Amino acid sequence: MEILGVLGSPRMGGNSDILLDQALAGAKEAGANVEKIILSQKKISGCLDCGKCNETGICAIQDDMLEIHRKVLKAGGILHSAPLYFWAMTSQMKAYLDRWCAFFDGDWNWHKAYSRKMKGKRIGVITVCGDPNAHTADPIVHSFKSTCTFSGMNLMGVVQTSAGQKGQVDKNEKAKKEAYELGKKIATP
Ligand SMILES: Cc1cc2nc3c(=O)[nH]c(=O)nc-3n(C[C@H](O)[C@H](O)[C@H](O)COP(=O)(O)O)c2cc1C
């Protein structure tokens, strides 16, 4: 199985990055081919709601998201990892998610060309926030969970933890194990 890791933090070696690497290591152990996408190193504009994709299934914006669309379609599972920025996901992760618009038709059903590949897609979510209450990052989970419920994808697990300083989560064996297990689970047929 192909497993895609999508990093929504711009901080390399940061907490979301560390946990995503753990999850991808778990997926690898389960036999998956893994690939990591660092959204902050890609050029991804916001969705323009131009509606062109409703007909063609192809986004009209010529940027790095076109290649990421292809990778999303191909992957059996996608692990998303992002920190909380002002009680929401980071702008990088939001731009990426909004561009999923291209997978849908004008009635918000999966575009016929993609339905078979997207229905039941395995999704994992990892959140990090500076607040000691890890559930402060629930708005990120809500966004992915609702997207999965709405479109028939399979949210297989969520890992949430608190960490503020860069790399602080490296000392949190519990969170690292949870991320590893999530990766394993998402990659286990
Ligand atoms: C612009 C910005 C906004 C933030 N907003 C919040 C917030 O609303 N709530 C919170 O608990 N932490 C907030 N944080 C803290 C980050 O979530 C925290 O430092 C996290 O560990 C960063 O993850 P990373 O190392 O993966 O980048 C914010 C940090 C930044 C840079």
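One can find the structure itself at the top, above this paragraph.
If you're wondering where the values come from, they're calculated on a predicted model, not measured in any experiment.

Undergrad: Looking at this model, I keep getting lost on the site of the ligand. Mind explaining?
TA: Among the 19 residues in the neighbourhood of the ligand, the closest are listed as Gly14, Ser16, Pro83, Gly130 and Asp131. Secondary structure elements with two or more residues in the shell around the ligand: helix H1 (15–29) and strand E4 (122–129). At 3 residues, the largest contribution of residues to the shell around the ligand is made by H1. A breakdown of the residues in the shell around the ligand according to their chemical character gives 8 nonpolar, 7 polar and 4 charged.

Undergrad: What's the story with the environment of glutamine 168 in this structure? I'm lost.
TA: With respect to the element layout, glutamine 168 can be found in the loop between strand E5 (154–162) and helix H7 (173–187). In this structure glutamine 168 comes out as partly exposed when scored by C-beta crowding, with 16 C-beta atoms within 10 Å. Note: C-alpha distance between glutamine 168 and glycine 14 (154 residues apart in sequence) is 7.8 Å. In this view, glutamine 168 contacts Asn15 and Ala163; residues no more than four positions away in its chain are not counted.

Undergrad: Would you explain the sheet that holds strand E3 (residues 77–83) in this entry?
TA: Within a sheet, neighbouring strands are paired by backbone hydrogen bonds and run either parallel or antiparallel to one another. Pairing is parallel across the open sheet formed by 5 strands, whose spatial order is E2-E1-E3-E4-E5. Looking at the sheet topology across the chains shown, the edges are occupied by strand E2 (33–38) and E5. If you compare each strand with its neighbour and ignore which way they point, the axes differ by 15° on average. Alignment of strand E1 (residues 2–7) against E3, held across 5 bridges, turns out to be parallel. Within E3, the position partnered with leucine 4 by the bridge is isoleucine 78. The sheet contacts of helix H6 (residues 138–151) involve E3, E4 and E5, and relative to E4 the element is tilted by about 170°.

Cut-offs applied
Residues numbered from 1 in each chain as written. Predicted model: local features only at pLDDT ≥ 70, side-chain atom pairs only at ≥ 80, totals over all residues. Near = placed C-beta within 6 Å. Helix = DSSP H or I, 4+ residues; strand = E, 2+ residues; numbered from the N terminus. Nonpolar A, V, L, I, M, F, W, Y, C, P; charged D, E, K, R; others polar. Buried ≥ 20, exposed ≤ 12 C-beta atoms within 10 Å, placed from the backbone. Contact = placed C-beta atoms within 7 Å. Pairing = 2+ DSSP bridges. Axes fitted to C-alpha atoms, helices over the stretch in contact; angles between N-to-C directions.

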